[in-house]
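Fold and contact review
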Amino acid sequence: MIFRTLPLLASFLIADFVLFRLIPGVDTGAQRTLRYAPVLGLSAVLFVVGLVLTLWPMRLGAASPTSSLPRFSARLLFFTASGSVFFAFLVGKALVFRLDHESVWKDTQSYAAVAEQSLQTSEFWAGERSFTLPLIYRLLGVNRVTLTLEPLKRAISGFQLLLAVASWTALAVITASALKNRWLGPFTFGAILGLGLSLDVSLWDRILLTESVATSLFVLMLALCLFGLLRVGNLRWRRSGGRYVYLLGLGAIIILYSFARDTNAFFLAFCAVLMLAGLLLKSVRRRVALRPYVLVASLLLALFVVQNYTSNQGKRWEFPFFNVLHMRIGPDPAAREFFAARGMPADEATIDLLTKPRRGFFAALETSQEAQHLVQWVERAGKVTYYRYLLSRPAASLMAPIDRARNLISPLSTEYRADDYSIPIWLGLFSQVFFPLPLAIVLPWLGVLIVAAIILGRIEGLGPEWAIPALLLITVYPMMFVVWHGDAIEVERHAFQISLQVRLAGWMMTAFLADASLRRLGTRSALAPPSTLSERPA
């Protein structure tokens, strides 16, 4: 029986060699050739380990090699496949990481400035920047002076890379473990890692902004939530001490994720509202305990309130608001009239200020005495007036994110790359598969999955793991609304989580539906009469 596995094992070795032989890396010549040795070496190690696992029962005196070998042969192939996929992910991450150098932006300097503040002051916890990235910079010893040093830049990007690898691996492992069909595991494992390896995700690891850390914390938070959903019915786990460690870890990740970007608090608030709305359904209340979910939803809403308080204290909302005021309100006479009727200065100096180029507009806000009347009004009544303006034109406010769906659901972020090297052909094709951008592909894909999920739910019900992709999809439009109306510049960068939510939900639903389909086929085969199973055509 063991010899039947040898061709498949050899195919893994050949596939590894061919895969990395065809990858055009940034190295050439002998240095490039040296990269293949670890690939073949790891494949050989996986082969030996699998072989030992297969032959070990015979050394222990297994009663029947024929009854024990198939199980261990399957285990051998399973771990070889998963190990090869994981190693390909690591090598791919390293190759994409080497395409660019670290890029520092103006926002990076402001995060480093907050990192210089004392942890005992409100300037750190409720300052001009939310505290997650400044906290990481402080732990790494980064400030505005050391940020100019290449070793510190590499330390930041290295930390972002390691956090990304850990987060995507955790989500891939936990998602694969949710499947009943074991052999779907390596494919699901590879699909999730493929999404994490795509250029649209990986390019942020070299960029010293919030996107890489926020994305990794988002993915890790989803992984931990899925882990908890899969084990909430396990009475032994619920009574173990590990549950409290899990809850503390999840709480810490949620807080760090929320304070990585202020818009993240809205995602958590939307999830809390959906949880409470779901508990209103009798079918849901019969299946779950109310108290834990009400408690979690209440804590998420409380976190939203606290973060908005710190945003007001640090005046973090003012800069995005001035962007909206300058780029959307100022050029619109009807909007200017609405704001002027509620106290915004409407004299010639203010009109001239709003018509200045963006750089001149913000320079005038800091230096011009005439602009201070506008600044004082914004601090006093700007946010409330903007909310009223959006409510006064509900159809236009609701349709604006939909009209910009291409920018919000499929944003192009490659402009942020340092462009040390051109994008390899393999990476472009790979990203088109795992992170497809055209809405003509994404929307039909999701449509088919949603219809299939509804049909499956009507037939046999959906497991708790479906809550994750459901939340990801349902919160897409609310997050589009927040991102579009929350700022007027760099909308594509701010919308990256939305684009990730869509693709991640798609891959998770694809895996869960494939698992359910194979499970139903297996059940039908098991229930079929023996005579039917044994029939052969004459």
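First things first, this report covers the structure right here in the doc. Source: prediction; values computed, not measured.

The rules behind these values
Residues numbered from 1 in each chain as written. Predicted model: local features only at pLDDT ≥ 70, side-chain atom pairs only at ≥ 80, totals over all residues. Heavy atoms only, no water. Helix = DSSP H or I, 4+ residues; strand = E, 2+ residues; numbered from the N terminus. Buried < 20%, exposed > 50% of the residue type's maximum accessible area, 1.4 Å probe, protein only. Contact = heavy atoms within 4.5 Å. Areas by Shrake-Rupley, 256 points an atom, 1.4 Å probe, with all protein chains shown as cover. 1 Å grid on protein atoms, 1.4 Å probe; cavity = no way out; pocket = protein on both sides within 12 Å on 5 of 7 lines; lining within 4 Å. Points joined across faces, edges and corners; volume = space filled by probe spheres on them. Nonpolar A, V, L, I, M, F, W, Y, C, P; charged D, E, K, R; others polar. Core = buried A, V, L, I, M, F, W, Y, C linked by side-chain atoms within 4.5 Å.

1. Some words on the overall build of the protein chain
- Summing up its helical and strand segments, the protein chain has 30 helices and zero strands in all.
- The 538 residues of the protein chain split such that 46% are buried.
- Pairs at least 24 apart in sequence give 77% of the contacts found in the protein chain among residues at least 6 apart.
- Total accessible area on the protein chain is roughly 27100 Å²; 66% of this is exposed by carbon and sulfur atoms.

2. Looking at empty space enclosed by the protein
- Inspection of the entire model under this criterion finds five cavities of 30 Å³ or more.
- What the largest cavity holds in volume is close to 150 Å³.
- Surrounding the largest cavity, 16 residues form its lining, Ala 214, Arg 261, Asn 264, His 494 and Gln 497 being those nearest its centre.
- Those elements giving two or more residues to the lining of the largest cavity turn out to be helix 11 (211–231), helix 14 (262–278), helix 27 (476–486), helix 28 (491–494) and helix 29 (496–527).
- A breakdown of the residues in the lining of the largest cavity according to their chemical character gives eight nonpolar, five polar and three charged.

3. Comments concerning helix 5 (residues 106–115)
- The buried fraction of helix 5 amounts to seven of the ten residues, a majority that puts the element mostly inside the structure.
- Buried within helix 5 are the following residues: Thr 108, Ser 110, Tyr 111, Ala 112, Ala 113, Val 114 and Ala 115.
- Check the buried side of helix 5 and you find it contacts helix 6 (122–125) and helix 7 (132–139).

4. Examining the nonpolar core
- Tyr 137, Trp 168, Phe 218, Phe 267, Leu 472, Leu 500 and Leu 504 are the most contacted members of the largest nonpolar core, which totals 109 residues.
- The element that contributes the greatest number of residues to this core is helix 29, accounting for 13 residues.
- With residues up to four places along the chain from it excluded, the contact list for Phe 218 reads Tyr 257, Phe 267, Leu 472, Gln 497, Leu 500 and Gln 501.
- Core analysis: the next-biggest nonpolar cluster, separate from the first, contains 26 residues, Phe 338, Leu 353, Val 375 and Val 378 among them.

5. Overview of the environment of Ala 178
- One can find Ala 178 in the loop between helix 8 (150–177) and helix 9 (185–197).
- For Ala 178, a relative accessible area of 5% puts it in the buried group.
- Remark: the alpha-carbon pair of Ala 178 and Leu 226, spanning 48 residues in sequence, is separated by 8.6 Å.
- Ignoring any residue separated from it by four or fewer positions in sequence, one finds Ala 178 in contact with Leu 230, Glu 465, Phe 512 and Asp 515.

6. As for unusual backbone geometry
- Within the chain, Lys 315 stands out as a residue other than glycine whose phi angle is a positive 55°.
- Its place among the elements puts Lys 315 in the loop between helix 16 (290–314) and helix 17 (318–329).
- According to the relative accessible area criterion, Lys 315 is partly exposed, its value standing at 43%.
- We note that Glu 490 has phi near 50°; this positive angle belongs to a residue other than glycine.
- Turning to its location among the elements, Glu 490 is positioned in the loop between helix 27 and helix 28.

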